[in-house]
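# Understanding the architecture of this molecule
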Amino acid sequence: MARATGSWLSGPAAAHPGGDHDKQAYQGEYLGLPKTGPGSLAATPRRVAALTIDWLMSMGVSALFLGAALDGGHLSTATLGVWFVLGVVGVSLFSFTPGQLIMGIQVARIDGPGRVGVVRALVRQVFLTTVVPAVISDIDSRGMHDRATGTALLVAR
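Predicted, not measured: the structure shown is a model, and the values here were computed from it. (Residues numbered from 1 in each chain as written. Predicted model: local features only at pLDDT ≥ 70, side-chain atom pairs only at ≥ 80, totals over all residues. Heavy atoms only, no water.)

## Let's talk about the pattern of salt bridges
- For the structure shown, the criterion picks out 4 salt bridges.
- Across the pair Arg109 and Asp111 runs a salt bridge, and its minimum N-O distance is 3.2 Å.
- Of the residues examined, Arg109 reaches a relative accessible area of 27% and is grouped as partly exposed.
- Exposure remark for Asp111: the relative accessible area of 47% places this residue in the partly exposed category.
- One salt bridge in this structure joins Arg147 and Asp138, with 2.9 Å as the shortest N-O distance.
- Given a relative accessible area of 5%, Asp138 falls into the buried group.
- Ionic contacts of the salt-bridge type, sharing partners, join the residues Arg109, Asp111 and Arg120 into one network. (Salt bridge = Lys/Arg side-chain N within 4 Å of Asp/Glu carboxyl O. Buried < 20%, exposed > 50% of the residue type's maximum accessible area, 1.4 Å probe, protein only.)

Structure representation (structure tokens):
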């Protein structure tokens, strides 16, 4: 337990295997990912843009469903619900959400081949809903939600 706690409390570099904190040439090298191009780790601006697109789409769908009830203050709750379902369904079926598709990124397993799956997508989305795991990242810029589920956001094209 001390190693897991220490890796997050000691900063992003402490999570490297074997203590090689300064020898990684680029983000994703220890994960076996290329430096640039398809299959490399997606940069933060792309991820934030995809999240913004997904959130705005979810807000639009919520507003359509709520219609005249918008003045009741339920839009934010409905938006969170739509965004949650969009994330779980999109990632488990297609490995991306609409925003991620537009930004050319996708969620992929890094612990082995295969689809992300419903369970990983659900756990990932639950963590993302609380926001905090997404802003705590390791040296590869993978948030706690991605580390916990063995996934990463990769460049698709």
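## Observations concerning the side chain of Ser40
- Along the chain, the position of Ser40 falls in the loop between helix 1 (2-9) and helix 2 (44-66).
- There is a polar contact of 2.6 Å between the side chain of Ser40 and the backbone oxygen of Gly37.
- Beyond its immediate chain neighbours, meaning those up to four positions away, Ser40 contacts Pro34, Lys35, Leu153, Leu154 and Val155. (Helix = DSSP H or I, 4+ residues; strand = E, 2+ residues; numbered from the N terminus. Polar contact = N/O pair within 3.5 Å; in protein donor to acceptor, adjacent residues only side chain to side chain. Contact = heavy atoms within 4.5 Å.)

## A look at the packing of helix 2 against helix 3 (residues 75-94)
- Contact geometry for helix 2 and helix 3: axes closest at 8 Å, N-to-C directions at 120°. Classified by the interaxial angle, the pair formed by helix 2 and helix 3 is oblique. The hand of the helix 2/helix 3 crossing is right-handed. Contact residues: helix 2 offers Leu51, Asp54, Trp55, Ser58, Met59, Val61, Ser62, Ala63 and Leu66, while helix 3 offers Leu75, Ala78, Thr79, Leu80, Val82, Trp83 and Leu86.
- In the contact of helix 2 with helix 3, the residues fall into 12 nonpolar, 3 polar and 1 charged. (Axes fitted to C-alpha atoms, helices over the stretch in contact; angles between N-to-C directions. Parallel < 35°, antiparallel > 145°, perpendicular 65-115°, else oblique. Left-handed = near helix turned anticlockwise from the far one by under 90°. Nonpolar A, V, L, I, M, F, W, Y, C, P; charged D, E, K, R; others polar.)

## Side note on the layout of surface pockets
- In this structure, the largest pocket occupies an estimated 560 Å³ of space.
- Taken together, 28 residues form the lining of the largest pocket, with Arg47, Leu51, Leu128, Ala134 and His145 sitting closest to its centre.
- Those elements that provide at least two residues to the lining of the largest pocket are helix 2, helix 3, helix 5 (118-129), helix 6 (132-135) and helix 7 (144-149).
- By residue number, the principal contributor to the lining of the largest pocket is helix 2, which donates 7 residues. (1 Å grid on protein atoms, 1.4 Å probe; cavity = no way out; pocket = protein on both sides within 12 Å on 5 of 7 lines; lining within 4 Å. Points joined across faces, edges and corners; volume = space filled by probe spheres on them.)

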